[in-house]
Amino acid sequence: MKSIQYETPSSHTYLNRHCPFRLGYNENMKESSYNWHTNLEIIYVTKGFGTIRCEDDYYHLREGTVFVVNPDTLHYVYSDSGISFYFILIDEQFFTDNGFTLEQYAFHPVIHDSRIEKNFIKTINAIEQLIENENEINIAKSRLETLSLLVNICSDYSLIQNTKNKEKSKGSNELIKEAIKYINLHYTEAITLEQISNFLGITKYYLVREFKKYTNQTIFSYINLLRCKKAEMLLASGKNITETAYESGFESASYFTRTYKKIRGYAPSEYKKNCKNKNFKLEICSS
């Protein structure tokens, strides 16, 4: 399967214009960055155990779990022993094209249903075939299986909301979403707390406190994690350590090496070496 970078609020690149959804895979992941996106996300756990935090709620994940992340939801996945899962991100446009209004639906997050599980696997297979060979038949199969999955989840695992009376909170959750959006756009630059807080129109002290409260990590821990994931993509593409360090936003190669080893537990040179193995899968930024 091709490596596909995880969706962020500033990224809208899909398989093609007929298939406004994306497929990714995380293998033996222990910690993801806290993030949000406007698309619906559906996760399928293939191995291991873990926890996902959505806003202020916590849910347990295990092999066979199908999990739905509602749009505009801050979420974060973590595991002590490592967890592997596929995820599909589906743009609102796909709903609209097929007669659905995404904002009307509030999805039940945890699904243990063998029918939905089989449906998800068929969708994965169809999208992987499209990634390997983009033709009209594979486009149609991908749309068909994805639509079938959505119909089943919407029918059995969602509630219809009154969108006219739906009010969006303008509290800390929204501020953290905006902070994450800003960081995702500027993390490869020499970003500062003052820049982020000024953009949001709040004090840096309030920003630091609320970011830690909602994400369980500091702003600079989050930035360094994003930079390390960017670095992995660059190393896998053939960049050397020094080039990778500067293009990822680190001030020096030595600081990059120390930070990467602290976060990942091994040196970037080891990661680069492993990338040469054709069976090695890049860790993809995940929910």
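The rules behind each value
Residues numbered from 1 in each chain as written. Predicted model: local features only at pLDDT ≥ 70, side-chain atom pairs only at ≥ 80, totals over all residues. Heavy atoms only, no water. Axes fitted to C-alpha atoms, helices over the stretch in contact; angles between N-to-C directions. Helix = DSSP H or I, 4+ residues; strand = E, 2+ residues; numbered from the N terminus. Parallel < 35°, antiparallel > 145°, perpendicular 65-115°, else oblique. Left-handed = near helix turned anticlockwise from the far one by under 90°. Contact = heavy atoms within 4.5 Å. Core = buried A, V, L, I, M, F, W, Y, C linked by side-chain atoms within 4.5 Å. Buried < 20%, exposed > 50% of the residue type's maximum accessible area, 1.4 Å probe, protein only. Expected span 1.5 Å × (residues − 1). Polar contact = N/O pair within 3.5 Å; in protein donor to acceptor, adjacent residues only side chain to side chain. pLDDT = per-residue confidence, 0-100. Salt bridge = Lys/Arg side-chain N within 4 Å of Asp/Glu carboxyl O.

Asks: How do you make sense of the packing of helix α7 (residues 219-236) against helix α8 (residues 241-248) when you look at a structure like this?
Replies: Between α7 and α8, the shortest axis-to-axis distance is 9 Å and the interhelical angle comes to 140°. Considered as vectors, α7 and α8 are oriented oblique to each other. The chirality of how α7 crosses α8 is right-handed. Along its contact with α7, which presents R227, K230, A231, L234 and L235, the element α8 presents I241, T244, E247 and S248.

Asks: In this structure, what is going on with the nonpolar core? I would like to understand it.
Replies: When a protein is soluble and globular, its nonpolar side chains tend to lie buried together. Ranked by size, the top nonpolar core spans 31 residues in total, and within it L40, I42, I90, F95, F107, F120 and I153 carry the most contacts. Listing elements by their share of this core, those giving two or more residues are β1 (21-31), β2 (40-54), β4 (66-69), β5 (75-90), α1 (92-97), β6 (105-107), α2 (114-132) and α3 (136-156). Residues Y34, Y187, L207 and L226 belong to the second largest nonpolar core, which totals 22 residues.

Asks: Hey, could you run me through α3 in this one?
Replies: Three- or four-residue spacings in an α-helix give side chains the same orientation, since the helix completes a turn every 3.6 residues. Relative to the 30 Å expected for 21 residues at 1.5 Å per residue, α3 spans 30 Å between its end C-alpha atoms, a close match to the ideal helical length. Measuring from the side-chain oxygen of the N-cap residue of α3 to the backbone nitrogen of I137 gives 3.2 Å; that N-cap residue is N135.

Asks: I keep staring at the side chain of T215 and nothing clicks. Help me out?
Replies: As for its placement among the helices and strands, T215 is situated in helix α6 (residues 204-215). For T215, a relative accessible area of 0% gives the class buried. Engagement of the side chain of T215 in a polar contact is seen with the backbone oxygen of F211, the distance being 2.6 Å. A distance of 3.1 Å separates a polar side-chain atom of T215 from the backbone oxygen of Q217.

Asks: Quick question: what am I supposed to make of the confidence of the model for the protein here?
Replies: Parts of the prediction with low pLDDT should not have their coordinates interpreted in detail. When pLDDT is averaged across the protein, the result is 84; 87% of the residues are at 70 or more. No element of the protein has a lower mean pLDDT than strand β8 (residues 158-160), at 78, and none a higher one than β4, at 95. Contacts for the low-pLDDT stretch residues 1-13, under 50 throughout, to residues beyond four places or in other chains number 43 contacts. Taken together, the stretch residues 278-287 has pLDDT below 50 and engages in 47 contacts with residues farther than four places along the chain or on a different chain.

Asks: Teacher, can you tell me more about the environment of R53 here?
Replies: Structurally, R53 is set in strand β2. Sequence separation between R53 and V77 is 24 residues; the distance between their C-alpha atoms is 6.5 Å. If near-sequence neighbours (up to four positions away) are discounted, R53 is found in contact with Y34, Y58, L74, H75, Y76, K213, Y214, T215 and N216.

Asks: Which parts of the structure should I look at to understand the pattern of salt bridges?
Replies: Oppositely charged side chains may form a pair once their charged atoms are brought near each other. For the structure shown, the criterion picks out eight salt bridges. Ionic pairing is found between E55 and K177, a salt bridge with its closest N-O pair at 4.0 Å. Here E55 is found in the loop between β2 and β3 (57-62), whereas its partner K177 is found in helix α4 (residues 172-186), with 122 residues between them in sequence. The two residues E55 and K177 agree in class, both being buried. For K204, the salt bridge goes to E194, with nearest N and O atoms at 2.8 Å. Separated by ten residues along the polypeptide, K204 in helix α6 and E194 in helix α5 (residues 193-200) bring together distant segments of the chain.

Asks: What is the right way to look at the side chain of R264 in this model?
Replies: The residue R264 is located in helix α9 (residues 253-264) in this model. Polar side-chain contacts of R264 include one of 2.9 Å to the side chain of E232.

Asks: Before we go on, may I ask you to explain the packing of α5 against α6 in this structure?
Replies: What describes two packed helices is the angle between their axes and the distance between those same axes. Viewed as axis vectors pointing N to C, α5 and α6 meet at an angle of 95°, and their least axial separation amounts to 9 Å. By the angle class used here, α5 and α6 are roughly perpendicular. Across from L193, E194, I196, S197 and L200 in α5, the residues of α6 making contact are K204, L207 and V208.

Asks: Looking at this structure, how should I read unusual backbone geometry?
Replies: Residues apart from glycine generally show negative phi values, whereas peptide bonds are mostly found in trans. Even without being glycine, N28 reaches a positive phi, approximately 50°. Looking at the secondary structure, you find N28 in strand β1. Owing to a relative accessible area of 44%, N28 belongs among the partly exposed residues under this scheme. Phi is positive for N216, close to 60°, though the residue is something other than glycine. When you line up the elements, N216 lands in the loop between α6 and α7.

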